[in-house]
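Here is what each chain is made of, one letter per residue.
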Amino acid sequence: CTFSAAAAALLLLLLVLAACGSKVNESNYAKIDIDMTEEQVKSLLGTPTESSSIQVAGLSGTSSKWVGKEGIISVQFLNGKVKAKAFSKPSGLK
């Protein structure tokens, strides 16, 4: 019982710290440039919340999304480089 309470407290603390230090914001979105590498974007934003990849005829494509309380950053990579990006605010935020 003590272990699960301690584990729950630790998890809660990590979630609070992650929310406070969110890198998902318009300022960091503006730093993402076309042809940046996937690693450069990850060093700026951290590990994506979700990501999916496909490989066809020697080309690799990845679509990654970072979700934070200030918004969502979506980035499309072709062969490991940024080709498109988008920022959207959650509903209710202006």
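About the criteria used
Residues numbered from 1 in each chain as written. Predicted model: local features only at pLDDT ≥ 70, side-chain atom pairs only at ≥ 80, totals over all residues. Heavy atoms only, no water. Pairing = 2+ DSSP bridges. Helix = DSSP H or I, 4+ residues; strand = E, 2+ residues; numbered from the N terminus. Axes fitted to C-alpha atoms, helices over the stretch in contact; angles between N-to-C directions. Contact = heavy atoms within 4.5 Å. Phe/Tyr/Trp six-rings, centres within 6.5 Å; stacked < 30°, edge-to-face > 60°. Lys NZ or Arg CZ within 6 Å of the ring centre and 35° of its normal. Buried < 20%, exposed > 50% of the residue type's maximum accessible area, 1.4 Å probe, protein only.

**Student:** Just give me the short version of the sheet that holds strand 3 (residues 71–78), but keep the residues and values in it.
**Tutor:** Pairing within the open sheet is antiparallel, and its 4 strands lie in the order 1-2-3-4. Lying at the two open borders of the sheet, with one neighbouring strand each, are strand 1 (50–56) and strand 4 (81–88). Across the sheet, the mean angle separating the axes of adjacent strands is 10° when strand polarity is ignored. Here 7 bridges tie strand 3 to strand 4, and the two strands are oriented antiparallel to one another. Across the sheet, the residue bridging to F77 is V82, located in strand 4. Running at roughly 10° to strand 2 (residues 59–68), helix 3 (residues 38–45) makes contact with strand 2, strand 3 and strand 4 of the sheet.

**Student:** Give a detailed account of the packing of aromatic side chains, specifying residues and quantitative values.
**Tutor:** By the definition in use, this model includes 1 aromatic pair. With 5.7 Å between their ring centres and 45° between their planes, Y29 and F87 make a pair best called tilted. On the criterion of sequence distance, the pair formed by Y29 in helix 2 (residues 26–30) and F87 in strand 4 is long-range, its members being 58 residues apart. Here the basic side chain of K85 rests over the ring of Y29, its NZ or CZ set 4.3 Å away from the ring centre.

**Student:** Explain unusual backbone geometry residue by residue, including any values.
**Tutor:** Unusually for a residue other than glycine, D35 sits at a positive phi of about 75°. Along the polypeptide, D35 turns up in the loop between helix 2 and helix 3. Of note in the backbone geometry, N79 takes a positive phi value of approximately 50° without being a glycine. With respect to the element layout, N79 can be found in the loop between strand 3 and strand 4. Exposure remark for N79: the relative accessible area of 41% places this residue in the partly exposed category.

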